[in-house]
Amino acid sequence: MNFNKIFKGTLSAACIASMAVMGTSCIDYNDNVNPNEVTDDMMEQDNLKTGAKLRQMLKRIVLVRDGDAILDSDYQIAQNLTHDAYAGYTTQSLGGTGNHNQYSWNDQWVRSTYNFAYTGIMSAWNDLNRDATAAGQSEIRALGNVVKVLGMHRIADSFGPLNYCTFGVDGNFNPLEDIYKQFFAELDEAIDLLTPYANSGSSLMSDYDIVYGGNVTNWVKLANTLRLRLALRVAYADEALAKAEAQKSIDHPMGFVDSKSNYAKLGGGYYHPIVTLAYEFGGGDGDCQPSASIVSYMANMNDGRISKYFKACEDGKYHGIRIGYETGNVTPIRQAASKFAMDEKTSEKAPVVLMHAAESYFLRAEAALRWGMGGDPQSLYEQGVRASFDELDASGADAYLAETSTPGAYDDPTTLGNSYTFKSTTTPKWDNGADFEGKLERIITQKWIALYPDGFEGWTEYRRTGYPELIPVVNNRSNGTIDTELQVRRMPFPDTEYNNNPEGVAAGVAALGGPDNGGTKLWWDKKAR
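Residues numbered from 1 in each chain as written. Predicted model: local features only at pLDDT ≥ 70, side-chain atom pairs only at ≥ 80, totals over all residues. Heavy atoms only, no water.

Asker: Tell me about the overall build of the chain, and name the residues and values.
Answerer: Within the chain, the secondary structure is distributed over 20 helices and 6 strands. Looking at the 529 residues of the chain, the share that counts as buried comes to 59%. Long-range contacts, defined as pairs at least 24 residues apart, comprise 73% of the intrachain contacts of the chain with a sequence gap of at least 6. For the chain, the exposed area adds up to about 19700 Å²; of that, 46% sits on carbon and sulfur atoms. (Helix = DSSP H or I, 4+ residues; strand = E, 2+ residues; numbered from the N terminus. Buried < 20%, exposed > 50% of the residue type's maximum accessible area, 1.4 Å probe, protein only. Contact = heavy atoms within 4.5 Å. Areas by Shrake-Rupley, 256 points an atom, 1.4 Å probe, with all protein chains shown as cover.)

Asker: I'd like a rundown of the packing of helix H8 (residues 216–233) against helix H14 (residues 357–371), residues and numbers included.
Answerer: As a packed pair, H8 and H14 sit with axes 10 Å apart at the nearest point and diverge in direction by 45°. Looking at the two axes, H8 sits oblique to H14. Viewed along their axes, H8 and H14 form a crossing whose handedness is left-handed. Listed contacts from H14 to Thr 225, Leu 228, Arg 229 and Leu 232 of H8 are Glu 359, Ser 360, Leu 363, Arg 364, Glu 366, Ala 367, Arg 370 and Trp 371. Residues of the contact of H8 with H14, tallied by class, amount to 5 nonpolar, 2 polar and 5 charged. (Axes fitted to C-alpha atoms, helices over the stretch in contact; angles between N-to-C directions. Parallel < 35°, antiparallel > 145°, perpendicular 65-115°, else oblique. Left-handed = near helix turned anticlockwise from the far one by under 90°. Nonpolar A, V, L, I, M, F, W, Y, C, P; charged D, E, K, R; others polar.)

Asker: Quick rundown of the environment of Gln 289? Include the residues and the values.
Answerer: Among the structural elements, Gln 289 can be located in strand S3 (residues 288–290). What makes Gln 289 buried here is its relative accessible area of 2%. Sequence-wise, Gln 289 and Tyr 89 are 200 residues apart; in three dimensions their C-alpha atoms are separated by 8.7 Å. For Gln 289, the side chain forms a polar contact with the side chain of Ser 93, separated by 3.3 Å. (Polar contact = N/O pair within 3.5 Å; in protein donor to acceptor, adjacent residues only side chain to side chain.)

Asker: Which residues make up the pattern of salt bridges, and what are the values?
Answerer: Taken as a whole, this structure holds 27 salt bridges when the rule is applied. One salt bridge connects Asp 398 with Arg 386, and the closest N-O pair in it is separated by 3.0 Å. In this pair, Asp 398 sits in helix H16 (residues 397–401) while Arg 386 sits in helix H15 (residues 377–391), placing the two residues 12 residues apart along the sequence. Accessibility expressed as a relative area gives 53% for Asp 398, which makes it exposed. One continuous salt-bridge network, built from bridges that share partners, spans Asp 157, Arg 229, Arg 233, Glu 359, Glu 366, Arg 370, Lys 447, Glu 457, Glu 461 and Arg 464. (Salt bridge = Lys/Arg side-chain N within 4 Å of Asp/Glu carboxyl O.)

Asker: Mind laying out the packing of aromatic side chains, listing which residues take part and the relevant values?
Answerer: This structure, assessed with the given rule, holds 24 aromatic pairs. Plain terms: the ring middles of Tyr 114 and Phe 159 are 5.4 Å apart, the flat faces sit at 90° to each other, and that makes the pair edge-to-face. Here Phe 159 lies in helix H6 (residues 138–159) and Tyr 114 lies in helix H5 (residues 107–134), a separation of 45 residues in the sequence. Relative to Phe 183, the ring of Tyr 180 lies with its centre 5.2 Å away and its plane at 70°, an arrangement referred to as edge-to-face. Placement of the pair is Tyr 180 and Phe 183 together in helix H7 (residues 176–199), with a separation of 3 residues, close to one helical turn. Residue Phe 183 is classed as buried on the basis of its relative accessible area, which comes to 0%. Among the aromatic residues, ring-to-ring pairing joins Tyr 89, Tyr 297, Tyr 309, Phe 310, Phe 340, Tyr 420, Phe 422, Trp 448 and Tyr 452 into one connected group. Of note, Lys 148 hangs over the ring of Trp 125, and the distance from its end group to the ring centre comes to 3.7 Å. Seen from the ring of Phe 493, Arg 490 lies directly overhead, with NZ or CZ sitting 4.9 Å from the centre. (Phe/Tyr/Trp six-rings, centres within 6.5 Å; stacked < 30°, edge-to-face > 60°. Lys NZ or Arg CZ within 6 Å of the ring centre and 35° of its normal.)

Asker: With reference to specific residues and values, describe the side chain of Gln 487.
Answerer: Considering the arrangement of structural elements, one finds Gln 487 in the loop between helix H18 (455–465) and helix H19 (495–500). What Gln 487 contacts, discounting residues up to four positions off in sequence, is Tyr 103, Tyr 462, Leu 470, Ile 471, Pro 472 and Ile 482.

Asker: Requested: an account of helix H20 (residues 502–512), with residues and values cited.
Answerer: Taken as a whole, H20 has its buried residues at Gly 504, Val 505, Gly 508 and Leu 512. Axial view of H20: buried residues confined to an arc of 90°, hence all on one face. In this structure, H20 carries Glu 503 and Ala 510 as exposed residues pointing more than 90 degrees from its buried face. As for H20, its buried residues are in contact with H6 and H19. Note on H20: the residue one or two positions beyond its end, Gly 513, has a positive phi of about 80°. (Arc of directions from axis to C-beta.)

Below is the structure:
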């Protein structure tokens, strides 16, 4: 897709319905107005133009069900079969040969990850940015930039170079380093603009903000936490840049997302699409189940959160499935493995979380460990674990933080013989005597557990740090382009870019610095393993 052709925004049925609720007394109709159409004047009322685009962007960071417009199958092909699996969270439990779980790319699915971000986030942002700028509404433009970075860094972390810095001007892909510098510039400006607005006590876009209901203080906290996330993302590629951006976040007086009361999740009745994948697809029995990696960590380290994530099997234990297995008879495997605790009966307990409170503590713990800034690594680490338990209404955080058990081994509950013994000896209990890597592994492992089921972040943190140790794929069908032990490093550019934007994608491949396949590391992926 050539994104020189900017998509013209359209008004959804939901937006028209919201206008009906608002009433029409404030609009001066005349004989030249078609009462069955929405005019530009109507769209100007109460920020409806920009509000519709903001809401659209928020619902496309994670692809949630929205009437007939977005179905959970889109989430499946755009995220679940790739990011969630590569993060060690889920497995395609229908088996089969030649799929993403086995590192065999399906062009349509890769295209979905890429295109949904551009049609749902970038094009909507382009309209919002244009209209807010024309109206002199810098605070709305700033909010739009926060949401744009929140959504598009996930896509940049998946593919690498993208058409981002010059979106709407030309079709060239920008190097990932340049994209990250623009992320920081956009977040810095947004935080500077929104902070005084928050201090004034005013709300912003409350009718359209399905995350915070217009609470600007919480948006500043989210943007500040996001800046720290991205600062640590580049720590191995440009430590000076990482440290400088991290220090800005540490020093900001409004602080971070830090509790269940201000963590970022979608409201409006949306619940996580994994519910449908687990219980409605695959002939009514689901075609997605928990991965052997996360189930083994949590079960073997006596993690009290496990029952909030997964259901015990008939033997009273928890079992996962290894990624990339292959068999003709999947029924015994599916029956032997756990299912998700979030289901169609408890969907209200399966929120779409965009930023966990627990993550902010783990980010600060790493910043403190690396650079001695912002507090004590152990204290922040333990606060992160407790915040995760609190988010899930789980008990036993203190007991868990005293645990000295390790990941141990995965015992395959089937006859496939796919058991695996972890090399890692990390424990939930903090060890002040551990070296830097030992402490970092604890921080990242607990962050990875707390992030579930956000496969975008879980997979990215694994690539950045090498933690936690994930069970390798059973069948690697990448024809040698992906190392089984290093696992997938990125997604290839979609075929549509080669067909419709050959010059742009050529610039992207050149900026990538390696072949356009799943084994080439991204710019920030510099840690030796």
